[in-house]
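Given next are the chains, with one letter for each unit.
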Amino acid sequence: MDFFTAQDRARRLSARLVLLLLLSVVVLVVLTCVLVALAVVVMNPERMGAGDPLAAALEPRLFALVAGGVVAIVVLGGLVRHLQLRVGGYAVAEALGGRPLALDTRDEDERRLLHVVEEMAIASGMPVPAVYLLDDAAINAFAAGHDTHDAVIGVTRGAIEHLDRDQLQGVIAHEFSHILHGDMRLNLRLVALLHGILVIGLAGRFLLRGLAGGRRRGSRRGGHVAIMGLGVALMAVGYAGTLCGNLIKAAVSRQREFLADASAVQYTRNPEGIGGALQTLAAYRLGSHLLAANAAEFSHLYFGSGVRSLSRFTATHPPLEARIRRVLPRWDGRLPEPFAPMPRAAPEPPSSPATSSHATPLGGAALAGAALAGAALGAAAVASVGRPDNAALASARRRLAGLDARLIEAAHEPFAARALVYAILMGVDPASRDAQREVLERQALPEVLAELEPLAEPLAGLSPGDRLPLIELALPALRALSPAQGARFRACLDGLMAAEEAPGALQWALHRLVRSGLDGERRAHRDRRLADLAGPLSRLLSTLAVAGQPERDAAQAALERIASVLGVSLDLVVEPATPRELDWALERLARLRNEERAPLLAAMVCCVEQDGRVEPREAELLRAVAWTLGVPLPLGALDEA
């Protein structure tokens, strides 16, 4: 399926799961009320009197009190966990005992992991996520976060030591599928909701422990009976609700794992990579079971199961043999040596190739976008979003190999990374550069300024289109800045843009990309259609059209063609847009409905492709704008013009 359809399905599935879990909470509330009321009445016969025992048990005041208490426990428990996870994947990685991987590490296995993650991110057209290492001998990995800007990739020590490069790339591609298909946010919502239900059982255990202490202090018998009834009921219902929630979580997770395995094959065009990783995991003595205390809570995030399940119904991952046969239909059941063999299960009938799940025709929005572009390049660009392939990976490797080693080293070092970004964002006009240099001398740290001069020579030989990959490489180091350093860095960025006499569209786009990579985009409610945003759409498309073809007639013709297909009245604005105007346009277009983003991307491609070719600077501009709109356009998607 295409990126936009996958995102829509993830949102619909998230809404259904939330509704299903809410219905479960309602059932739990009713059961808890009944159990508590019956327990209190049975243990206090004097409350029954001469009336109906059931009516006494369901006394409205008691029922309302218990129901309110249960709902409050679930809501507060879920809210607390949600707030803990609000920072994104970092909270998950740290809860599992992970440590941020040093970008300048000299460990060969760690460097290999960083390179694989960087290649995949640059090929995908998304920010390079932070990488965490779990010092666990098991073979496992996970992706966590709310969106691409706060995503984290976590990998165990066992994985980087026992998997070769192709296998590790297959695992990382599997995790990137979870990022690109919107699984991460769904997974964190499940964690918060299930935690709220679990708190019911924990509250019951707390009450029973308090009861034991109260007995030692000689509390009244009646109070003991009430507390005991409430505690037992809360424990029974809470843990039963957790079991139901885990069944729901497991059923969803198993299907998403099959999709992620298939996506890894589609991204890398190498089924032996992900298949070999699964075979190695199946044969590995320690398996994928993590030792972290919170491992069970995040079990649906992992590449492997991570924890032992009581039955196949509560297993968050399909059997390894089934996963291997999905990606390697001709597998003979043999496992690599010297690992011990895995118990053989009944063979499943060979399934269609793993890539078949991605062979479905484009959805309606993507088809509209392809028709709008009116060219093979537009259709390919829309279809490639969120679906990097082996060509994109190869292009990313070539880009990284072609960069000066001094620039790559600078991107991985905090002081030099700031200087590198400053140098990239400084304009070409001599007067502007002098003013920008004065801004940096006033606001930047001396240690950062000292890094500018050594970078001048390698940056002078930078090829067109290489600035965006360099910024992507630098973002993890920039995110690691302290709050004070980050504030100073942002002030310097704003000062550079303010000192520029005539900032171009590409310079603005790269500046915004850095800011969104650091701060993330505000999660605006997506409720608008293109027809509602004619003004912002005209401003953005005019900028792209003029950048692609400075002749007014050609740019006007491109906008008229787009307007006729979209059914939106568009005006060509020939005056250069200011950064403030472009920010205004992008902030409003970020509210577009998901199905409206494919036609928007196609319209953007149409603007830059109007002269029959896409220059490297134009491709870089388009990818930077698409990134800030939450549309990851893979590297090389515009190379066919």
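Quick caveat, the model's predicted, so the values are computed rather than measured.

A. Inspection of the nonpolar core at higher detail. One finds I172, Y422 and L541 to be the most contacted residues of the largest nonpolar core, which totals 140 residues. Looking at which element gives the most residues to this core, the answer is helix α25 (residues 594–608), with 10 residues. The residues touching I172, leaving out its near neighbours within four places in the chain, are L113, V116, V117, M120, I153 and V155. Grouped together as the second largest cluster of nonpolar side chains are 19 residues, A91, Y132, V191 and L290 included.

B. Just the pairing of strand β4 (residues 152–156), in detail. Among the 5 residues that make up β4, 5 are buried, leaving the element largely enclosed by the rest of the structure. Along β4, one buried face is formed by V152, G154 and T156 and the opposite face, lined by I153 and V155, is buried too. Relative to β4, strand β2 (residues 130–134) runs parallel, the two being bridged by 5 bridges. What sits directly across from Y132, in β4, is G154.

C. Highlighting the environment of L393. Along the polypeptide, L393 turns up in helix α14 (residues 390–402). Separated by 272 residues in sequence, L393 and A121 place their C-alpha atoms 9.2 Å apart. Leaving out residues up to four positions away in the same chain, L393 has contacts with E119, M120, A123, Q169, Y267 and T268.

D. Broad picture of the packing of helix α10 (residues 271–283) against helix α11 (residues 320–327). Two elements in contact, α10 and α11, have axes separated by 9 Å at closest approach and are oriented at 160°. The pairing of α10 with α11 is recorded here as roughly antiparallel in orientation. α10 and α11 meet at a crossing whose hand is left-handed. Across the interface between the two elements, P271, I274, G275, L278, Q279, L281 and A282 from α10 touch L320, R323, I324 and V327 from α11. Split by residue class, the contact of α10 with α11 holds 8 nonpolar, 2 polar and 1 charged.

E. Structural context of the sheet that holds strand β1 (residues 99–100). Read across the sheet, 4 strands follow the order β1-β2-β4-β3 without closing on themselves; strand pairing throughout is mixed. A strand with exactly one partner marks an edge of an open sheet, and here the two such strands are β1 and β3 (141–144). In the sheet, β1 pairs with β2 via 2 bridges, with the strands oriented antiparallel. What sits directly across from R99, in β2, is L133.

F. Focus on the pattern of salt bridges. Scanning the entire structure with this criterion turns up 26 salt bridges. Its salt-bridge partner being D519, residue R515 comes within 3.5 Å of it at the nearest N-O pair. Placement of the pair is R515 and D519 together in helix α21 (residues 505–519), with a separation of 4 residues, close to one helical turn. Since its relative accessible area comes to 43%, D519 is described here as partly exposed. In this structure, the salt-bridge partner of E596 is R529, at a minimum N-O distance of 3.7 Å.

Cut-offs and rules
- Position numbers for residues count from 1 along each chain, tracking the sequence in the order it is written.
- With pLDDT at 70 or above as the cut-off, local features in this predicted model cover only qualifying residues; side-chain atom pairs require 80 or more to be listed or tallied, and sums for whole chains, interfaces and linings still use all residues.
- No hydrogens and no water enter the side-chain calculation; it runs on all heavy atoms of the structure.
- Buried Ala, Val, Leu, Ile, Met, Phe, Trp, Tyr and Cys residues that are joined via side-chain atoms within 4.5 Å together make up what is termed a nonpolar core.
- Summary of the burial criterion: residues with accessible area below 20% of their type's maximum are buried, those above 50% are exposed, and those between are partly exposed, where the area comes from a 1.4 Å probe applied to protein chains only.
- Secondary structure elements follow DSSP: runs of H or I no shorter than four residues count as helices, runs of E no shorter than two count as strands, and numbering proceeds from the N terminus.
- It only takes one pair of heavy atoms within 4.5 Å for two residues to be counted as in contact.
- DSSP-based pairing: two strands are paired if at least 2 bridges between them are found.
- To obtain each axis, a line is fitted to C-alpha atoms, and for helices this fit is confined to the stretch in contact; angles are then taken between N-to-C directions over 0 to 180 degrees.
- The scheme is simple: roughly parallel for angles under 35 degrees, roughly antiparallel for over 145, roughly perpendicular for 65 to 115, oblique for anything else.
- Each crossing is labelled by how the near helix is turned from the far one, with a counterclockwise turn of less than a right angle marking it left-handed and a clockwise turn marking it right-handed.
- Only Asp, Glu, Lys and Arg are considered charged, only Ala, Val, Leu, Ile, Met, Phe, Trp, Tyr, Cys and Pro nonpolar, and every remaining residue, Gly among them, polar.
- Any Lys or Arg side-chain nitrogen located within 4 Å of an Asp or Glu carboxyl oxygen qualifies as a salt bridge.

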